Amino acid sequence: MVKGIEDLNNLQIDVLREIGNIGAGNAATALAKMLKKKVHMDVPRVKIIEFRDVSETLGSAESIVAGILLKVEGNLTGNIMFILQLKDAAMLVDMLMGRQSDDLHEFSELEISALKEIGNILAGSYLSALSSLTNLRIMPSVPDLAIDMAGAILSVPAIEFGKVGDTVLYIETEFSDGDEKVVGDFFLIPDVEMYDILLKALGVID
Amino acid sequence: MENIIKVGMADLKSSRHPCIITTLGLGSCVGIALYDPEMKIAGLAHVMLPSSLQTKNNSNLAKFADTAIKMLIGDMCRLGANKAYIVAKLAGGAQMFSFNDASEIMRIGLRNVLSAKEFLEQMKIPVIAEDTGGNYGRTIELSSNDGKLIVKTIGHGVKEI
């Protein structure tokens, strides 16, 4: 029985990478539609890191990031989180609103809604890839957004992973529209008992 | 040159004077700062979960409030601290996201704080100050000189407890 990330073998990690690939591909398409411009995507990288290194992962523990969290319900339950560096989040909001601004400022209500919507669309397209690969019914909740220190935002997925092991798995994805580059990290956080269901549905284990 | 010691997530460190022990970006995790003012010995744990008894994978003692507190006190006493003098300060235990329903993932910060207090009480260590809860992250620095704990936030100021 697969209890946590440490129990995954190379094949299973390859499968997760493939989900990441397809999911991020879907997300890039959705992003392109939203921004009405071409969006390229690099091959996503599956990363498995130890807790003690978590703080330093996204720049530093104190660098400011935007985290968008959605709950996942249906046949697969858990959470999905999408994390963006603050400057990348601001850039996406500017692109979406069709304007340019160089200064980092507090987000307005409208900009926060825009950012939640971006997270919603990206996480939603990621989940729909997962859903069609597994034939599992997967429904995301409305998103919630927090902007704070990377370490503090990351504590949310890390704690969930902490219940089953000592590592965090995430998928780093790079989007670009030719000039600007945006790096986003997807954390798929299945509830503890869901690893087996997920891997079975993918045909990786019996 | 000050001796700055960094504590990661699910990690703990202790030291004799002089030192500053720090942990960055506490969210729902709790920072447990212990200090013996007589011997000037400081210890800090960054715990993720309330109790080692609620999970099967509990080999990492620094991850849980109960086992981390026990281990940190042991480490400090080996450095010369007297358990009878040790006092505690707590920081962190925030709820970073605010979904309407109070599901387990949302309330973990509060549970971490309550559990830390319970185990400290069992160990007869008084909690003399805390800055816990809220919906924001915290970076903390414990000074071995006087046991002061500096709490830094983004947008919620800096305080000393």
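Our subject is the structure listed above.
Keep in mind the model is a prediction, meaning the values are calculated, not measured. (Residues numbered from 1 in each chain as written. Chains lettered and ligands numbered in written order. Predicted model: local features only at pLDDT ≥ 70, side-chain atom pairs only at ≥ 80, totals over all residues. Heavy atoms only, no water.)

Participant: I'd love a proper account of unusual backbone geometry, names of residues and values included.
Facilitator: Across residues other than glycine, the phi torsion is negative in most instances, and most of the peptide bonds are trans. A cis amide bond links His17(B) to the next residue, Pro18(B), at an omega of 0°. Turning to its location among the elements, Pro18(B) is positioned in the loop between strand E2 (11-16) and strand E3 (20-26). One non-glycine residue, Asn135(A), adopts positive backbone phi at about 60°. As for its placement among the helices and strands, Asn135(A) is situated in the loop between helix H4 (109-134) and strand E5 (138-140). Residue Asn135(A) is classed as exposed on the basis of its relative accessible area of 71%. Despite not being glycine, Lys124(B) has its phi angle at roughly 60°, a positive value. (Helix = DSSP H or I, 4+ residues; strand = E, 2+ residues; numbered from the N terminus. Buried < 20%, exposed > 50% of the residue type's maximum accessible area, 1.4 Å probe, protein only.)

Participant: Describe in detail the packing of aromatic side chains, supporting the description with residues and values.
Facilitator: By convention here, two paired aromatic rings are described through the distance between centres and the angle between planes. All names here are of chain A. Summed over all chains, the structure comprises 2 aromatic pairs over all chains. Note on Phe82 and Phe186: the rings are 4.6 Å apart at their centroids and 40° apart in plane angle, and the pair reads as tilted. Taken together, the residues span a long stretch of sequence, with Phe82 in strand E4 (residues 78-85) and Phe186 in strand E8 (residues 181-190) at a distance of 104 residues. Centroid distance Tyr126 to Phe186: 4.6 Å. Interplanar angle 20°. Geometry classified as stacked. (Phe/Tyr/Trp six-rings, centres within 6.5 Å; stacked < 30°, edge-to-face > 60°.)

Participant: Requested: an account of the interface of chain A and chain B, with residues and values cited.
Facilitator: Tallying the contact residues gives 35 residues for chain A and 36 residues for chain B. Between chain A and chain B the total buried area reaches about 2700 Å² when both faces are included, carbon and sulfur atoms providing 66% of it. Remark: the boundary between chain A and chain B carries 0 salt bridges. Run the count over chain A and chain B and you get 4 residue pairs in polar contact (both at pLDDT 80 or more). If you list the elements that add at least two residues to the side of chain A that touches chain B, you get helix H2 (51-57), strand E3 (64-74), E4, strand E6 (144-149) and helix H5 (150-162) of chain A. When residues of the side of chain A that touches chain B are assigned to their parent elements, the largest contribution, 9 residues, is made by H5(A). Of the residues assigned to the side of chain A that touches chain B, the class counts are 18 nonpolar, 8 polar and 9 charged. (Contact = heavy atoms within 4.5 Å. Buried area = accessible area lost by both parts, 1.4 Å probe. Salt bridge = Lys/Arg side-chain N within 4 Å of Asp/Glu carboxyl O. Polar contact = N/O pair within 3.5 Å; in protein donor to acceptor, adjacent residues only side chain to side chain. Nonpolar A, V, L, I, M, F, W, Y, C, P; charged D, E, K, R; others polar.)

Participant: Break down the nonpolar core for me, with residues and values.
Facilitator: Judged by nonpolar contacts, the single largest core of 50 residues is most densely connected at Phe51(A), Met81(A), Val168(A), Phe187(A) and Met48(B). Considering every element that reaches this core, the biggest residue donor is H5(A), with 8 residues. Excluding anything up to four places from it in sequence, Phe187(A) contacts Asn79(A), Ile80(A), Met81(A), Ile83(A), Leu154(A), Pro157(A), Val168(A), Leu169(A) and Tyr170(A). Residues Ile13(A), Leu35(A), Ala123(A) and Leu136(A) belong to the second largest nonpolar core, which totals 47 residues. (Core = buried A, V, L, I, M, F, W, Y, C linked by side-chain atoms within 4.5 Å.)

Participant: Please give an account of helix H6 (residues 194-201) of chain A that cites residues and values.
Facilitator: Turning to H6(A), its buried residues number three or more, namely Met194(A), Tyr195(A), Asp196(A), Leu198(A) and Leu199(A). Note on H6(A): the residue one or two positions beyond its end, Gly203(A), has a positive phi of about 75°.

Participant: Outline the side chain of Asp11(B), listing residues and values.
Facilitator: Residue and element names in this part refer to chain B. Here Asp11 is to be found in strand E2. For Asp11, a relative accessible area of 18% puts it in the buried group. Ignoring any residue separated from it by four or fewer positions in sequence, one finds Asp11 in contact with Lys6, Leu44, Ala45, His46 and Ala62.

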